[in-house]
Amino acid sequence: AGAGAVTSVQPSSGTVGGGSIVTMTGSGFVAGVTACKFGSGASALATVMSTTEARCVTPAGVPGATSLAVALGLAADASLVSSMAETFEYAPEIMVRAVTPLVATVEGGSSLIIDVAGLPDGRPAWCKFANQVVVSASVSSGFKTSPLVKCVSAAGTLGNFSVDVSTNGQDFTR
């Protein structure tokens, strides 16, 4: 294994169901030997995009922070060699309970309040309107027990559309 470094991990969180694509940037990534290990799970080879970018898919996990070891090589027994420790946070699955109002203008710019079950305190949120991600979401305390997410709608076409929410900008409610 050669020398290398991980300079960033994005996103640094995902849902407990797994399936998040984590992109690591740094140096020294080599196809066939760069691997990821989330917590105490098994190591899995990364998809190496270049010597400075690699991607791993998260396995299922439990809520909370876990270690993410990024290895630049695997030993014969599949243990990590030259690993660099990072942290990855597993968040509970979230669910959209209600959207108010139920209409938005085709031009976009409509403010929508979304009641989200399971959104952890202090977590940022992203909204998606019919496959268009809107990054300007704000989170506030809910009137009852769940946080409220305020999103400004994107321009769209006439008709019905889905509204989905994410805590990492990648894994949206379904």
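Just so we're clear, the structure is a prediction, and the values are computed from it rather than from any experiment.

Peer 1: What should I look at first to understand the nonpolar core in this one?
Peer 2: Burial of nonpolar side chains together is a common tendency in soluble globular proteins. Counting residues in hydrophobic clusters, the biggest one holds 15 residues, and the most contacted among them are V22, M24, C36, F38 and L68. Listed by contribution, the elements that provide at least two residues to this core are β1 (5-10), β3 (21-27), β4 (35-38), β7 (53-57), β8 (64-71) and β11 (84-91). Those residues in contact with F38 that lie beyond four places of it in its chain are V22, C56, V57, T58, P59, T66, S67, L68, F88 and Y90. In this structure, L112, C127, F129 and C151 belong to the second largest nonpolar core, which totals 14 residues.

Peer 1: Just to check I follow, could you spell out the pattern of salt bridges for this structure?
Peer 2: A side chain of one charge can pair with a side chain of the opposite charge when the charged atoms of the two come close. Summed over all chains, the structure comprises two salt bridges. The partner of E53 in a salt bridge is R55, with the nearest N and O atoms 2.9 Å apart. Judged by its relative accessible area of 21%, E53 falls in the partly exposed class. Overall, R55 belongs to the partly exposed group, its relative accessible area being 32%. Its salt-bridge partner being R97, residue D115 comes within 3.6 Å of it at the nearest N-O pair. Placement of the pair is D115 in strand β13 (residues 111-117) and R97 in strand β12 (residues 95-100), with a sequence separation of 18 residues. Judged by its relative accessible area of 18%, D115 falls in the buried class. R97 gets classed as partly exposed once you look at its relative accessible area, which sits at 42%.

Peer 1: Teacher, can you tell me more about the layout of surface pockets here?
Peer 2: If a probe the size of a water molecule is rolled over the atoms, the empty space left behind becomes visible. Each pocket or cavity is described by its volume, and for the largest pocket that value is around 390 Å³. Lining the largest pocket are 21 residues; nearest its centre among them are A104, T157, G159, N160 and F161. Looking at the lining of the largest pocket residue by residue, the class counts come to 14 nonpolar, seven polar and no charged.

Peer 1: Is there a simple way to think about the sheet that holds strand β18 (residues 163-166) in this case?
Peer 2: Backbone-to-backbone hydrogen bonds pair the strands of a sheet. The strands run either parallel or antiparallel. The antiparallel open sheet is built from three strands, whose spatial order is β15-β14-β18. Each of the sheet's edge strands pairs with one partner strand only, and the pair in question is β15 (132-134) and β18. In this sheet, neighbouring strand axes are inclined to one another by 25° on average, regardless of whether the strands run parallel or antiparallel. Sheet topology places strand β14 (residues 126-129) next to β18; four bridges connect them, and they run antiparallel. Within β18, the residue paired with C127 across the bridge is V165.

Calculation rules
- Residues numbered from 1 in each chain as written.
- Predicted model: local features only at pLDDT ≥ 70, side-chain atom pairs only at ≥ 80, totals over all residues.
- Heavy atoms only, no water.
- Core = buried A, V, L, I, M, F, W, Y, C linked by side-chain atoms within 4.5 Å.
- Buried < 20%, exposed > 50% of the residue type's maximum accessible area, 1.4 Å probe, protein only.
- Helix = DSSP H or I, 4+ residues; strand = E, 2+ residues; numbered from the N terminus.
- Contact = heavy atoms within 4.5 Å.
- Salt bridge = Lys/Arg side-chain N within 4 Å of Asp/Glu carboxyl O.
- 1 Å grid on protein atoms, 1.4 Å probe; cavity = no way out; pocket = protein on both sides within 12 Å on 5 of 7 lines; lining within 4 Å.
- Points joined across faces, edges and corners; volume = space filled by probe spheres on them.
- Nonpolar A, V, L, I, M, F, W, Y, C, P; charged D, E, K, R; others polar.
- Pairing = 2+ DSSP bridges.
- Axes fitted to C-alpha atoms, helices over the stretch in contact; angles between N-to-C directions.

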